[in-house]
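Spelled out from the first residue to the last, the chains are:
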Amino acid sequence: MIGNRRFAILLILLVGTSIYLTTHADLTVPPNKPFASFPAAFSGWQMDAQTVFSSEVLDVLRPTDYLYRQYVDAAGHRVTLYVGYHSGGKESGVIHSPKHCLPGSGWFEASSQKISVTVPSKTIHAVEAVYQKGEDRELFVYWFQAGHKTLSDEYSLKAAEIWGSLFHRRRDAAFIRISVPSAGDSSVDMAVARHFIYAVYPALLEYLPQ
Amino acid sequence: MTLAESLKHYRYQFILLLGGIALLYGTIVPPMVSDWYHDENYSHGFIVPLVAGYFVYTRWRLLGKTAIRPAGLGLAIVVLALMQLVLAWLGTEYFLMRSSLIVLLAGVILFLFGKEVFRLLRLPLAYLVFMVPLPYILYDAVAFPLKLFVTKVSVRALQLMGVAVLREGNIIMFPSTTLEVADACSGIRSLVSLLALAVAYSCFVTESTARRWGIIVAAVPIAIVTNALRVIVTGILAQYWGAKAAQGFFHEFAGLAVFAMAMVMLFAVGALLKTKNHHNGEGKG
């Protein structure tokens with residue numbers, strides 16, 4: 001005999017979970033300021049170009065706000081900055097891992113390692129990766145920013161999102177990526193990237209909710 | 001009470017229970033079905049529940065007569081499945097959300113019917129895993145090295161055949177044209193489908209665990225070899241008839257032809273294992 005009690009227990013669990021899932025909605029946390037007003041110049045870096053994504057790209061990424069710009073410094077070093085901010089609300093997409101996005105367009109990961117980048121009063125946990133497409137090499141430094149935490153892998157990001165959603169109804173997070181076309185010497189590329197991150201980080205903090 | 005009797009006796013309760021599961025997974029399963037439709041890597045998803053259903057059907061005679069012994073352990077598994085679902089939901093992790101349904105079904109079966117029935121149903125249940133698309137981060141971790149490997153092997157073979165080619169990453173360069181070995185050609189698409197097929201086939205063709213594993217394991221090199229062949233033939237076409245020949249109709253056709261060839265090879269492995277079994281005189285027919 002199974003008994004009605006067993007069915008009742010199962011039904012209560014199923015319906016209870018359903019109710020939790022449908023009523024639990026994360027808060028939509030907008031960025032502190034619209035990214036369009038992001039400074040075009042800061043400590044030696046000058047904006048050179050800005051890319052606006054097509055609606056197809058935006059449909060896939062579904063960021064709440066994003067920034068895709070090139071900056072150059074006086075010495076002619078060129079850096080591309082991408083910031084994708086996801087508010088955590090229903091309409092914002094999940095952060096795509098660069099491990100998935102970059103190789104899709106023919107770029108191969110030549111190397112990848114975790115690093116820390118020192119900025120004023122903080123250490124950023126990031127990934128330093130070199131991608132290669134034919135003869136072209138490009139250095140990428142990226143990290144995920146969830147509140148005040150900087151995370152260097154997708155699994156910690158997921159864990160932070162789950163934790164935030166469970167206890168604070170928040171899972172807003174940003175993906176920050178700096179890329180430097182290789183000048184041939186990887187230590188020079190990395191120095192350029194560090195230099196840029198040092199300069200841009202305070203501005204980023206003003207725009208991303210903590 | 002047997003399983004058949006319990007299904008009849010508690011029919012209204014079972015309908016309610018199915019309603020509860022449908023309510024919970026109503027927003028989770030339909031997008032997965034739409035993935036099967038839109039993602040060519042998972043078009044075999046449509047067949048997986050049918051095969052699992054067929055597994056149940058072939059066992060039905062035995063299942064119906066099996067005595068039920070509800071097991072409390074099942075409830076713990078149900079709770080685990082629901083926790084998996086909630087955490088995956090909060091983190092928008094589709095693979096864990098979707099696969100929690102399989103864990104939930106396993107728990108429900110144990111909780112209501114007990115170990116005997118569960119033992120008979122564990123193969124169809126486990127088979128359902130093939131219907132859940134893998135997380136892309138895992139998929140890519142396999143697909144990219146595989147793509148590079150297939151490109152390397154194909155270029156080496158083309159060079160041995162006297163075709164002048166160079167390789168850079170996943171790009172094959174001919175004097176006149178270049179070919180990119182795309183994701184689809186890495187063989188992972190046919191690897192997942194072929195594995196699903198191999199498991200089903202092995203379970204129908206033999207009852208010996210060792211032989212089943214033989215067939216399932218063989219699916220991996222078969223998928224890789226047939227895909228390398230596809231790249232090689234495409235390369236020869238591109239060399240002698242230009243890139244157009246390699247990219248148009250042939251490319252579509254080659255995908256199907258390669259999968260058909262892989263299936264034939266798989267069946268050959270199955271037949272080979274069966275013959276060996278006859279020689280040893282321990283076969284079951």
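In this text, all values refer to a predicted model and were calculated from it rather than measured experimentally.

Explain the pairing of strand E5 (residues 108-119) of chain A residue by residue, including any values.
Residue and element names in this part refer to chain A. Two elements, E5 and strand E6 (residues 122-133), share eleven bridges in a ladder whose sense is antiparallel. For Val-117, the partnering residue across the bridge sits in E6 and is Ile-124. Here E5 folds back onto E6, and the loop between the two strands holds two residues, one of which, Ser-121, carries a positive phi near 60°.

Quick one: what's the story with the packing of aromatic side chains, residue by residue and with numbers?
Residues and elements named next belong to chain A. As enumerated under the stated definition, the model contains 28 aromatic pairs over all chains in all. Between the aromatic rings of Phe-38 and Tyr-207, the centroid separation amounts to 5.0 Å while the plane-to-plane angle is 55°, which identifies the pairing as tilted. Taken as a pair, Phe-38 in the loop between helix H1 (4-23) and strand E1 (41-42) and Tyr-207 in helix H5 (residues 186-207) lie far apart in primary sequence, 169 residues in all. Neither Phe-38 nor Tyr-207 differs from the other in exposure class; each is buried.

Which residues make up the interface of chain B and chain A, and what are the values?
At the interface, 43 residues of chain B touch 34 residues of chain A. Across the chain B to chain A interface the summed buried area is about 3400 Å²; carbon plus sulfur atoms make up 75%. If you sort the residues of chain B by the area they bury against chain A, Tyr10(B), Leu90(B) and Ile137(B) come out on top, with a joint share of 19%. Between chain B and chain A we count zero salt bridges in total. If you look at where chain B meets chain A, you find eight residue pairs in polar contact (both at pLDDT 80 or more). Those elements that place two or more of their residues in the side of chain B that touches chain A are helix H1 (3-9), helix H2 (11-25), helix H5 (73-90), helix H6 (94-113) and helix H8 (136-160) of chain B. At nine residues, the largest contribution of residues to the side of chain B that touches chain A is made by H5(B).

What counts and how
- Residues numbered from 1 in each chain as written.
- Chains lettered and ligands numbered in written order.
- Predicted model: local features only at pLDDT ≥ 70, side-chain atom pairs only at ≥ 80, totals over all residues.
- Heavy atoms only, no water.
- Pairing = 2+ DSSP bridges.
- Helix = DSSP H or I, 4+ residues; strand = E, 2+ residues; numbered from the N terminus.
- Phe/Tyr/Trp six-rings, centres within 6.5 Å; stacked < 30°, edge-to-face > 60°.
- Buried < 20%, exposed > 50% of the residue type's maximum accessible area, 1.4 Å probe, protein only.
- Contact = heavy atoms within 4.5 Å.
- Buried area = accessible area lost by both parts, 1.4 Å probe.
- Salt bridge = Lys/Arg side-chain N within 4 Å of Asp/Glu carboxyl O.
- Polar contact = N/O pair within 3.5 Å; in protein donor to acceptor, adjacent residues only side chain to side chain.

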